[in-house]
Each structure stands twice: as C-alpha cells, then as structure tokens.
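Understanding the architecture of this molecule
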Amino acid sequence: MPDPSAIAVRADLREESLELDRLVGELPEADWARPTPAPGWTVAHQIAHLHWTDRAALLSLTDAPGFARLTETALAAPDTFVDEGAAQGAALPPGELLERWRATRTALDAALAAASPDTRFPWFGPPMKAASMASARLMETWAHGQDVADALGVRRIPTARLRHVARIGVRARDYAFAVRGLPAPGEEFRVELRSPDGRELWSYGPEDAAQRVTGPALDFCLLVTQRAHRCDLRVTATGPDADRWLDIAQAFAGPAGPGRAPGDAR
C-alpha cells in the first residue's frame, strides 16, 4: 500500500515547484540576469542549481553508477562544483533552461513515486529514503525560490508546506554542529513553531526539555536555510546550546555557508 505521507510530500513538492515556475515562467529574458541575494548568482543561476540538484536526485534514484560518477566529480572540486554547475546552466538561453528544469522535475516526480519506500538512496550527505529526498528537494526549492522572489521584489505567501522545511531544520541540528567541527549538544531541544496561518503549533522534541527554540515557522525556515540573519527574525532560544544552534543552523547538506548579514532585505 502506498505511504500516504510520501504521497503528500510529493504533492507538496510539485506545488512548491509550480509556485516558483509561475514566478519565472513568463519573465523577460533580461530579468533572468537579475542578481539575487546569493553573491554572484542571478535568477538563472538559482533555477540552474535546482535543475542540477533535481538531476542529481534523479540519478540517485534511477542510476546508481551515474550518481557515483557525479559524486566523484563533485569531490574533485568540493569548493566550486556547486557554483560551476549553476554557471553551466545559467549560460543556457532562459527558455531552454526552463524546459530542462521542467522535464527533470517531471522525471524526478515519477522516479520518487516508483521508488521502494524502504530503500535508502545515496546523496551528498547521509543516504535518504525517497520520501526524505522529496522533502529535501522541497526545502531547497523553497529556499532558492526565496532568492528569486527577493530578486524580483515579490513577497510570497507562506504555506503549510513549510512544515517539511522546518522538520529538516530540526533534524539537521547535530549536522550543523558537526560540519563546523563542534560537538553536538548532549540533550534534545524542544522546538515550537507557529504555523503560517497561526492556527497550529508545530512542535518537536520533549515537552519538558530545558533548552527551547520558539518562533514563527516562516522565520525558523528562513534561519535554517540561511536566507535571513537571526537578528532580523523572531526566533528565540532558551539555553546556551540552543542559542548557539541559532547562530549556525543549516538545513542543507554540505559546507557551512556564510549566511546573510544582519539587515539584508527580504
């Protein structure tokens, strides 16, 4: 029997991708060259990066040797392969890049639906089941979509799809410490986030935990995807380790990024 939660996250991934597609689908060609908050990256770079990572996910699900070759290429240039992949895609005519991204998204959606629910597939971080891979693709689509929206001066309406981003951010707590060579906290935190519509409280961790993080889900998601500095967000911490986490949190695999400076517009 299909896993209802896996079906739901795939549907949410499709919706998140379509929302971004609507932002860029009718853009004049000149607007694809607009700079985004990521230094050196234009709107085209953002979409090219999503296309690259969607293709990597597709290889992971359907072509293990092909993904292994891609990983070897990435390991040969660990500090530059992300920028290089984005630059290659951004050099394409916008219409061609858009069609490639759409085609890869469609193929990835089919591969996620066909994947064995209990198999763990290789990735640049820990191996993931298909449902987790779909959540990760949604997280990255939302985060890079925020960069595009910022570049275009569009304020997006946050949705309940942020639940997936928040969950990844919480689960990646120890990774955020490890990637910086820091020991992980010895106790679990309680994380309580107000849903975008204000009707729900999304909670994670023991209810009686001494260290806590609270705030709006949107602000927490902006924090863990490093799309805004914590000084500009309404996320608060109780306890020294929880407070340290808010300085270094990241929901994505790979090296720690520089994040955004305080006061950056969004």
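Scope of this entry: the structure provided in the associated data block.

1. Description of the pairing of strand 1 (residues 190-194)
- Of all 5 residues that make up strand 1, 4 are buried, and the element is covered over most of its length.
- As defined by bridge partners, strand 1 adjoins strand 3 (residues 212-216) across 5 bridges and the pair is classed as parallel. Bridge assignment links Arg-194 to a residue of strand 3, and that residue is Pro-216.
- Where strand 1 folds back onto strand 2 (residues 201-204) in an antiparallel hairpin, the turn is made up of 6 residues, including Gly-198, whose phi is positive at roughly 80°.

2. Brief notes about the sheet that holds strand 1
- Taken together, the 4 strands give an open sheet; going across it, the order is 2-1-3-4, and neighbouring strands pair in mixed fashion. At either end of the open sheet lies a strand with only one pairing partner, and these are strand 2 and strand 4 (236-238). Within this sheet the neighbouring strands show an average axis-to-axis angle of 15°, counted without direction.
- Where helix 7 (residues 162-171) meets the sheet, its contacts fall on strand 1 and strand 2, and the angle it forms with strand 2 comes to roughly 25°.
- Lying on the sheet, helix 9 (residues 217-224) is in contact with strand 1, strand 2 and strand 3; it crosses strand 3 at an angle near 115°.

3. Focus on the nonpolar core
- Formed by 54 residues in total, the largest nonpolar core has its most connected members in Leu-61, Leu-112, Met-133, Leu-193, Val-213, Phe-220 and Trp-245.
- The greatest single-element share of this core, amounting to 8 residues, is contributed by helix 6 (residues 130-152).
- In contact with Leu-112, other than residues within four places in its own chain, are Arg-10, Leu-13, Leu-61, Ala-130, Met-133 and Ala-134.
- In terms of nonpolar packing, the next biggest core, distinct from the first, is built from 17 residues, Leu-20, Leu-27, Ala-48 and Leu-98 among them.

4. Points about the side chain of Arg-105
- Structurally, Arg-105 can be placed in helix 5 (residues 94-114).
- A polar atom in the side chain of Arg-105 sits 2.9 Å from the side chain of Asp-21.
- Each residue touching Arg-105, except ones within four places of it in the same chain, is listed here: Ser-17, Leu-18, Asp-21 and Asp-54.

5. Points about the pairing of strand 3
- In terms of strand pairing, strand 3 meets strand 4 through 3 bridges, oriented antiparallel. Bridge assignment links Val-213 to a residue of strand 4, and that residue is Ala-237.

6. Structural notes on the packing of aromatic side chains
- Following the criterion strictly, the structure yields 8 aromatic pairs and no others.
- Seen from their ring centres, Trp-52 and Phe-81 are 5.8 Å apart, and the 50° between their planes marks the pair as tilted. Taken together, the positions of Trp-52 in helix 2 (residues 43-62) and Phe-81 in helix 4 (residues 81-90) put the pair 29 residues apart, joining distant regions of the chain.
- The class for Trp-52 is buried, based on a relative accessible area of 18%.
- Geometry around Trp-101 places Arg-105 over its ring, the cationic atom sitting 4.3 Å from the centre.
- In this arrangement the basic side chain of Arg-173 is found over the ring face of Phe-189, its NZ or CZ atom lying 4.3 Å from the centre.

7. Concerning helix 3 (residues 64-76)
- Between its first and last C-alpha, helix 3 extends 18 Å over 13 residues, near the 18 Å set by a 1.5 Å rise per residue.
- If you check which residues of helix 3 are buried, you get Gly-66, Phe-67, Leu-70 and Ala-74. Seen from one end, helix 3 has its buried residues packed into an arc of 95°, which puts them on one side. Within helix 3, the exposed residues directed more than 90 degrees away from the buried face are Pro-65, Arg-69, Glu-72, Leu-75 and Ala-76.
- You can read the cap of helix 3 off the contacts: a side-chain oxygen lies 2.9 Å from the backbone nitrogen of Gly-66, and it is on Asp-63.

So, how was this worked out
- Residues numbered from 1 in each chain as written.
- Predicted model: local features only at pLDDT ≥ 70, side-chain atom pairs only at ≥ 80, totals over all residues.
- Heavy atoms only, no water.
- Buried < 20%, exposed > 50% of the residue type's maximum accessible area, 1.4 Å probe, protein only.
- Helix = DSSP H or I, 4+ residues; strand = E, 2+ residues; numbered from the N terminus.
- Pairing = 2+ DSSP bridges.
- Axes fitted to C-alpha atoms, helices over the stretch in contact; angles between N-to-C directions.
- Contact = heavy atoms within 4.5 Å.
- Core = buried A, V, L, I, M, F, W, Y, C linked by side-chain atoms within 4.5 Å.
- Polar contact = N/O pair within 3.5 Å; in protein donor to acceptor, adjacent residues only side chain to side chain.
- Phe/Tyr/Trp six-rings, centres within 6.5 Å; stacked < 30°, edge-to-face > 60°.
- Lys NZ or Arg CZ within 6 Å of the ring centre and 35° of its normal.
- Expected span 1.5 Å × (residues − 1).
- Arc of directions from axis to C-beta.

All we've got here are geometric facts, nothing functional implied.
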